[in-house]
Structure formats: C-alpha cells, structure tokens
Amino acid sequence: AKIVVAGAYFTFVNPVLEEFFWRVWLTRELVPIFPAQSAASMVVAGSNPAVPAYDMGEAKELPYNTMETSKVQEDPRNPPLTEAGKLVASAMYAAYHFVVVFLILNGSYAGGAFLALTGLGRLLLEIRRYPEYGLWTATCLHSGVDAVIILAIVSARYKVAGMSFLQGGFFPRVGL
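Residues numbered from 1 in each chain as written. Predicted model: local features only at pLDDT ≥ 70, side-chain atom pairs only at ≥ 80, totals over all residues. Heavy atoms only, no water.

## Thoughts on the pattern of salt bridges
Once their charged atoms are close, side chains differing in charge can pair, the charge on each being opposite to the other.
Working step 1: This structure, assessed with the given rule, holds four salt bridges.
Working step 2: Between R122 and E83 there is a salt bridge, with its nearest N and O atoms 2.8 Å apart. Highlighted residues: R122 in helix α3 (residues 110–129) and E83 in helix α2 (residues 83–104), separated in sequence by 39 residues.
Working step 3: The class of E83 is partly exposed, set by a relative accessible area of 40%.
Working step 4: One salt bridge connects R122 with E126, and the closest N-O pair in it is separated by 2.8 Å. Here R122 pairs with E126, and both are found in helix α3, just four residues apart, close to one helical turn.
Working step 5: Salt bridges sharing partners connect three or more residues here, namely E83, R122, E126 and R129. (Salt bridge = Lys/Arg side-chain N within 4 Å of Asp/Glu carboxyl O. Helix = DSSP H or I, 4+ residues; strand = E, 2+ residues; numbered from the N terminus. Buried < 20%, exposed > 50% of the residue type's maximum accessible area, 1.4 Å probe, protein only.)

Put into structure tokens, the structure is as follows:
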C-alpha cells in the first residue's frame, strides 16, 4: 500500500510542485542575475528619435506582449533569462535530483543521469515558454517521466515478468 501511495504522490503531486518551483519561481529569481534583453527594454516607435525604434504598427496586442500607453509588458511564461541562466536553472534541477539518483542507482549511472536531467530541465523550460504548450504540458511530461521511473523501480523490486533487464544490480542501493 505504501508503494502505491508513494507512486501516486511522485506521479501526480510532486511534478506539479516541482514545475512551479523550477520553471516558475526559480527562473524569475534568476532574472536579476542572468538578465536577457527583454521586450520591456525595447523602444516604442517614435518615443526617442536617437534610438532605433521597435515598430508596433497598429497592433494593440501581440502574441507574447501587450502594449499599454508606451510600455511593453513581459509575458510571465517567458522570463527574460539568458541561455546561461536557463542552463544554470536546469543544472540546479539536475543537481537536486543527483542525490536521489545516486542513492537509487548504481553510482556509475549518476553522472549520465545528471547530464540527462540537465537536458530534461532545459527541455521543460523551453516547453513552458510557448503559450500553446505552457506549464501544463511541462508538468504532464514531468509526470510521465516520474511514472516511468516509479514503474521501473516497482518492476525491479517485485521482479515483474519481462522486466529482468532491471534486475541484477541496476538498483543496488535499495536492495534491488
């Protein structure tokens, strides 16, 4: 019963909490350290003749920004982080999971898992950026990844038929 509750938590609750933390809160906190040029810093056409203008045309609303008087507001889905900032956020996500990976998997897999998790973190950040995908899609992908990991651990622990490749030392730290 405990494994079912833990599996449900790590599949449905934990991804929601993690996505809000890693893809929303942390990226906003990193903006002052890794600021990218944002739409808010662009000059509205005609406001200063000495600076090249950003022509808004007749549009009052763009897909990612809205115009109010002479200000352009940022879309909260896309914090203006540099690529370095996005990689730092992704590496922090991977480092957080490194301890868990190291404890569950054989230590020799931990380095590769760190790189894979950094890539996954960067992918989830990119998915979140786009309004047609957004945080919901990133959360669902995260949930799917967690579900596969839980199923692999349960399959190895309870020696599910057809999952013999998971046995024989793949999860040695939890007695599998």
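## Side note on helix α4 (residues 134–157)
Working step 1: For α4, with 24 residues, the first-to-last C-alpha span of 35 Å sits near the 34 Å given by 1.5 Å per residue.
Working step 2: Every buried residue of α4 is listed here: G134, A138, T139, H142, S143, D146, A152, I153, S155 and A156.
Working step 3: Lining the buried residues of α4 we find α1 (2–30), α2 and α3.
Working step 4: Looking one or two residues past α4, K159 carries a phi angle of roughly 50°, positive in sign. (Expected span 1.5 Å × (residues − 1). Contact = heavy atoms within 4.5 Å.)

## Regarding α1
In an α-helix, one full turn covers 3.6 residues, which means residues spaced three or four apart are oriented alike.
Working step 1: Its maximal kink placed at N14, α1 deviates by approximately 40°, while the proline P15 follows within four residues.
Working step 2: Taken together, the buried positions of α1 are occupied by G7, T11, N14, P15, E18, E19, W22, R23, V24, L26, T27 and L30.
Working step 3: Looking at the packing, one finds that the buried side of α1 touches α2, α3 and α4. (Bend = angle between axes of the 7 residues up to and from the residue.)

## Focus: the packing of aromatic side chains
Working step 1: The final tally for this structure, using the stated rule, is seven aromatic pairs.
Working step 2: Consider the rings of F98 and F102, whose centres lie 6.1 Å apart with planes at 25°: the pair is stacked. You can see F98 and its partner F102 sitting in helix α2, four residues apart, about one turn around the helix.
Working step 3: Under the relative-accessibility criterion, F98 is labelled partly exposed at 32%.
Working step 4: In this arrangement the basic side chain of R129 is found over the ring face of Y130, its NZ or CZ atom lying 5.1 Å from the centre. (Phe/Tyr/Trp six-rings, centres within 6.5 Å; stacked < 30°, edge-to-face > 60°. Lys NZ or Arg CZ within 6 Å of the ring centre and 35° of its normal.)

## Section: the nonpolar core
Working step 1: Y93, V101 and L117 are the most contacted members of the largest nonpolar core, which totals 18 residues.
Working step 2: Put simply, the parts of the chain that give this core at least two residues each are α1, α2 and α3.
Working step 3: Those residues in contact with Y93, other than ones at most four positions away along the chain, are E18, W22, R23, L117, L120, G121, L124 and H142. (Core = buried A, V, L, I, M, F, W, Y, C linked by side-chain atoms within 4.5 Å.)

## Thoughts on the packing of α2 against α3
Working step 1: Closest axis-to-axis distance for the α2/α3 pair is 7 Å, and the angle between their directions is 135°. Comparing the axis directions of α2 and α3 gives the class oblique. Seen along the crossing, α2 lies across α3 with a hand that is right-handed.
Working step 2: Here the contact of α2 with α3 is built from residues that sort into 16 nonpolar, five polar and four charged. (Axes fitted to C-alpha atoms, helices over the stretch in contact; angles between N-to-C directions. Parallel < 35°, antiparallel > 145°, perpendicular 65-115°, else oblique. Left-handed = near helix turned anticlockwise from the far one by under 90°. Nonpolar A, V, L, I, M, F, W, Y, C, P; charged D, E, K, R; others polar.)

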